[in-house]
Each structure stands twice: as structure tokens, then as C-alpha cells.
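One letter stands for each residue in the lines below.
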Amino acid sequence: MIQPAAHERTGSAADLHAALLDALGIERAGGEAGWAQFGAIGSLELERVTAPTLLVQGKVDTDVTPDHSDRAAAAIPIAELLRLDGGTHLAFWTRTEATAAQARALSVLRG
């Protein structure tokens, strides 16, 4: 289980990401080896997601470009896409509107 308190103590997005990968049992491959694993994924089966889902997308993210979030939002039955103007991959933590985005995420999580 992910321990949010550990992330709150460090304040590091990298620590949260590492904890999430550990919790999901995903090996942390880096560089080309990591990208090569994506070729093995046939489908993410997003249409099977049944929980309300909030997708947060920085409009100028070059790591996960906005078209990925557009496709995910279209495929997930109960999805909301929140776009952050000028935001990059870490917009959820770094943009001026991050506080509002985080509050929206908490609202979705709390139901």
C-alpha cells in the first residue's frame, strides 16, 4: 500500500512515483529499456475503468502529450479531463493553478 505520509514528509514527486511503482509491483526500468516495455502492451482497456477518473494534463507536456489524455478521456466512461494552461509534466505540483487542481483531485477521490 502507498504511504501518503512518506510523500508528504519528503515533498518529492519522484518519491511518490517510486512508491506507486512499488505498490503496483512494476519494475523501475530506465531509459531505452523502459520504453521498450511499452511495445509489449496491446491495450490498456481503458473502456473497462468503472471508477470516476480525473485526468490532469499540462497543455505543454512533452513527456505525455495532450493527445494521450484526449484519447484516455474519450475511452474512460466516467472521465474528467482537467487541462492546466502552460503546464508541463509536473504541472500538478508546479503550476499556479496546482492548488485548485489538487483540490479537484481530492474531491474526486473522496467521491
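For the structure, check the block above.
Residues numbered from 1 in each chain as written. Predicted model: local features only at pLDDT ≥ 70, side-chain atom pairs only at ≥ 80, totals over all residues. Heavy atoms only, no water.

Draft legend 1. Highlighting the overall build of the protein. Looking only at helices and strands, the protein has six helices and two strands in total. Along the protein, from the amino end to the carboxyl end, the secondary structure elements read α-α-α-β-α-β-α-α. Here the protein, with 111 residues, has 17% of them falling under the buried criterion. The contacts in the protein between residues at least 6 apart in sequence include a share of 56% that link residues at least 24 apart. When the accessible surface of the protein is summed, it comes to about 7,900 Å², and 57% of that surface belongs to carbon and sulfur atoms. (Helix = DSSP H or I, 4+ residues; strand = E, 2+ residues; numbered from the N terminus. Buried < 20%, exposed > 50% of the residue type's maximum accessible area, 1.4 Å probe, protein only. Contact = heavy atoms within 4.5 Å. Areas by Shrake-Rupley, 256 points an atom, 1.4 Å probe, with all protein chains shown as cover.)

Draft legend 2. Summary view of the packing of aromatic side chains. Scanning the model with the defined rule gives one aromatic pair in all. A centroid spacing of 5.4 Å and a plane angle of 90° characterise the contact between F92 and W93, whose relative ring orientation is edge-to-face. The class of W93 is partly exposed, set by a relative accessible area of 40%. (Phe/Tyr/Trp six-rings, centres within 6.5 Å; stacked < 30°, edge-to-face > 60°.)

Draft legend 3. Structural view of the pattern of salt bridges. Scanning all chains against the criterion turns up six salt bridges. Measuring nitrogen to oxygen at the nearest pair gives 2.8 Å for the salt bridge that ties R48 to E45. Judged by its relative accessible area of 60%, R48 falls in the exposed class. As a salt-bridge pair, R104 and E80 come within 2.6 Å of each other at their nearest N and O atoms. (Salt bridge = Lys/Arg side-chain N within 4 Å of Asp/Glu carboxyl O.)

Draft legend 4. Expanded view of the environment of S43. Along the chain, the position of S43 falls in the loop between α3 (31-38) and β1 (53-58). Given a relative accessible area of 48%, S43 falls into the partly exposed group. At 3.0 Å, the side chain of S43 and the backbone nitrogen of E45 are in polar contact. (Polar contact = N/O pair within 3.5 Å; in protein donor to acceptor, adjacent residues only side chain to side chain.)

Draft legend 5. View of the side chain of D61. Here D61 is to be found in the loop between β1 and α4 (66-75). As a buried residue without a salt bridge, D61 has its nearest oppositely charged side chain in R83, at a separation of 11 Å. Looking at D61, its side chain comes within polar contact range of the main-chain nitrogen of D63, at 2.7 Å. When near neighbours in sequence (up to four residues on either side) are disregarded, D61 contacts P66, G87, T88 and H89. (Lys, Arg positive; Asp, Glu negative; His and termini not counted.)

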